[in-house]
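Geometric and topological summary
One-letter residues, chain by chain:
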Amino acid sequence: MMHKSGFVNIIGNPNVGKSTLMNALVGERLSIITSKAQTTRHRILGIVNDDDHQIVFSDTPGVLEPAYKMQESMMTFVKSALTDADVILFMVEVKENKFKDENILNSLKKTDTPIILLINKIDEVDQAFLESKVDFWKAEIPKAEIYPLSALHNFNIENIFARIKELLPEGEPFYDKDALTDKPEKFFVSEIIREKILLNYKKEVPYSCEVIIEEFKEKEDIIHIRANIIVARDSQKGILIGHQGKELKKVGTLARKDIETFFAKKVFLELYVKVNKDWRNDDNMLKRFGYNH
């Protein structure tokens, strides 16, 4: 049997379940998941290997109208995912009435790349409602293959996975066969910390934060990590730290536990909060955070 390999890119509106799907397909928790929109900011690759296949899954930020340079960069990740895919997973939520971005929808209608259209969260509706949605999306993108699923409950994941394998082109692997992702370890540390901020703070605070790993020293029995949380305003710094540092300590404890699970090793984690008022529009800062290509 010939070896097959290719890029399978996941595209959709914010909060439709792309990261949950990615983690289910890869079998590892690579993308952070929260109920908040715009949780994913980067394009994260998850690589699945067997003897005859290498599938390079790509989770992308939810499609949105950019309000500042960081979000403009997030949208370039989405556009590149449209052009370099061997298979496109276009994901919608079952209760969605339309796709927000007409340009992307038109690109999907015109592309020759195979499209698997995934209608997620079907456990929230009845059969008649689901059938009406299948008809709606068939009319919108006639050439797409439609699969209802529940990414959260792993419903229909195996069938989708099998179809992806069938659609992959023949070719040599792009990455080492033991590779799981293209991102360095430090990236996942910063994402775990950012996830805890998203889960523990309300309003604009999580969206104004970025995490940068200043130090990552791995010893035989422990990893020493020092991270800076960058915020846009002094008031946000106060909220993040909390009374007598309690809030920041809570984030640090939760993040440390997940980082220890990720590396299967003890972790010493130090967190600091710094203010950089316009980091989301600062080209140098965005480059440092990996947003600018």
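Up top you'll find the structure we're talking about.
The residue numbers shown here count from 1 along each chain, following its written sequence. The predicted nature of this model means local features are confined to residues of pLDDT at least 70 and side-chain atom pairs, given and counted, to a pLDDT of 80 or more, with totals for whole chains, interfaces and linings taken over all residues. Computation of side-chain values covers all heavy atoms of the structure but excludes hydrogens and water.

**A word on unusual backbone geometry**
Applied cut-off: Only runs of H or I of at least four residues qualify as helices and only runs of E of at least two qualify as strands under DSSP, and these elements are numbered from the N terminus.
Phi angles above zero are rare outside glycine, and K121 is one such case at about 65 degrees. Along the chain, K121 turns up in the loop between β5 (115-120) and α4 (127-140). Even without being a glycine, N156 presents a positive backbone phi close to 75 degrees. One can find N156 in the loop between β6 (145-148) and α5 (157-167).

**As for the pairing of strand β7 (residues 210-218)**
Condition: Pairing between two strands requires that DSSP report at least two bridges joining them.
Two elements, β7 and strand β8 (residues 222-231), share eight bridges in a ladder whose sense is antiparallel. Its bridge partner lying in β8, E218 is registered against I223. Between β7 and β8, which pair antiparallel in sequence order, lie three residues.

**Points about the sheet that holds strand β3 (residues 53-59)**
What counts here: A fitted line through C-alpha atoms represents every axis, and for helices the fit uses only the stretch in contact; the resulting angles, taken between N-to-C directions, go from 0 to 180 degrees.
The strand order β2-β3-β1-β4-β5-β6 describes an open sheet built from six strands, whose pairing is mixed. At either end of the open sheet lies a strand with only one pairing partner, and these are β2 (44-49) and β6. Recorded for the sheet is a direction-independent mean angle of 20 degrees between the axes of neighbouring strands. Pairing of strand β4 (residues 87-93) with β5 involves six bridges; the strand directions are parallel. Bridging across to β5, M91 finds its partner in L118.

**A short note on the pattern of salt bridges**
What counts is decided by this rule: Only one rule defines a salt bridge in this text: a Lys or Arg side-chain nitrogen within 4 Å of an Asp or Glu carboxyl oxygen. Relative accessible area decides the class of each residue, using a 1.4 Å probe on protein chains only: under 20% of the type maximum gives buried, over 50% gives exposed, and in between gives partly exposed.
Applying the stated criterion across every chain, the model contains 13 salt bridges. Across the pair K217 and E215 runs a salt bridge, and its minimum N-O distance is 3.8 Å. Of the residues examined, K217 reaches a relative accessible area of 47% and is grouped as partly exposed. Bridged by salt links that share partners, the residues E145, R163 and E166 form one connected network.

**Some points on the environment of I10**
Under the convention used in this document: Only heavy atoms matter for contacts: two residues are in contact if any of them lie within 4.5 Å across the pair.
Note on placement: I10 falls in strand β1 (residues 4-12). For the pair I10 and D59, spaced 49 residues apart in sequence, the C-alpha to C-alpha distance is 5.3 Å. Contact partners of I10, with chain neighbours within four places excluded, come to K18, L21, M22, S58, T60, L89 and M91.

That's the geometry; what it means functionally is another story.
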